[in-house]
Amino acid sequence: MQELIPHTWETILKDTTKLTYFKALEAFVSSEYKEYSCFPKQADIFAALALCPLDQLKVVILGQDPYHGPGQAEGLSFSVPNDIKHPPSLINIFKEIETDLSVSYPKSGNLLRWAKQGVMLLNATLTVRAHEPGSHQKQGWETFTDTLIHKISSEKSNVVFLLWGGFAKKKSKHIDPSKHLILSGGHPSPLSANKGYWFGNKHFSKCNVYLKINGKTEIEW
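Quick caveat, the model's predicted, so the values are computed rather than measured. (Residues numbered from 1 in each chain as written. Predicted model: local features only at pLDDT ≥ 70, side-chain atom pairs only at ≥ 80, totals over all residues. Heavy atoms only, no water.)

**Student:** Talk me through helix α6 (residues 141–155); I want residue IDs and the actual numbers.
**Tutor:** If you check α6, its first and last C-alpha atoms are 21 Å apart, about what 15 residues at 1.5 Å a residue would give, namely 21 Å. Of the residues making up α6, those classed as buried are W141, E142, F144, T145, L148, I149, I152 and S153. (Helix = DSSP H or I, 4+ residues; strand = E, 2+ residues; numbered from the N terminus. Expected span 1.5 Å × (residues − 1). Buried < 20%, exposed > 50% of the residue type's maximum accessible area, 1.4 Å probe, protein only.)

**Student:** Just give me the short version of the sheet that holds strand β5 (residues 160–164), but keep the residues and values in it.
**Tutor:** Ordered by their spatial adjacency, 4 strands build an open sheet running β3-β2-β5-β6, and the pairing between neighbours is parallel. Two strands lie at the open edges of the sheet, namely β3 (119–123) and β6 (181–185), each paired on one side alone. The mean inter-strand angle of the sheet, taken between neighbouring strand axes irrespective of direction, is 15 degrees. Here strand β2 (residues 59–63) runs beside β5; their pairing, made up of 4 bridges, is parallel. Looking at β5, one finds that I61 is bridged to L162. The strands touched by α6 within the sheet are β2, β3 and β5, with β3 carrying the most contacts at an inclination of about 155 degrees. Against the sheet, helix α9 (residues 203–213) engages β2, β5 and β6, with an angle of about 175 degrees to β6. (Pairing = 2+ DSSP bridges. Axes fitted to C-alpha atoms, helices over the stretch in contact; angles between N-to-C directions. Contact = heavy atoms within 4.5 Å.)

The structure is reproduced here in structure tokens:
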């Protein structure tokens with residue numbers, strides 16, 4: 001699994017990949033992919049990193065774990081391939097963008113266009129067994145992504161971190177709020193959104209205002 005880490009992140013993560021927990025995580029993931037159907041494809045496990053090198057990174061959106069249904073997960077949190085039906089959380093993300101920025105609801109749920117603009121679409125857990133949400137949690141991925149977020153916080157300035165839901169908010173302890181903007185709120189899932197914890201947060205316009213103030217190109221959401 002270590003060989004799948006993009007070369008642009010190798011130096012930044014070289015210490016953590018040598019640790020005992022990471023070796024155990026490698027063994028677990030290798031075993032799971034051999035014995036079960038797992039998502040995303042192994043080649044896409046670190047897609048969020050591959051598409052967003054540190055020097056281009058402007059925004060981090062944190063999800064929980066990959067979609068566990070066939071054809072959905074592609075290594076980017078909340079994203080699905082072009083012809084796949086939009087999952088409920090993604091629908092609510094697009095609805096909030098539609099209202100916040102007065103833009104049309106998109107046809108495609110593929111968020112590659114965001115990643116190419118410097119938005120890291122990261123899940124706290126990077127793999128999952130088919131049809132078993134949360135099945136790869138507490139195996140070491142959380143430690144890996146904690147380390148990654150800490151590295152981003154320490155190495156960069158003026159990054160926007162979008163933390164949606166209780167699981168994501170816990171990651172805030174690894175972010176220096178004096179250097180970065182943390183926008184936290186309810187999760188876009190229907191359970192949270194329908195209780196009034198998602199819609200109206202205006203995270204996308206707030207993100208762009210912050211980027212512009214700090215001399216960075218705004219994201220075309």
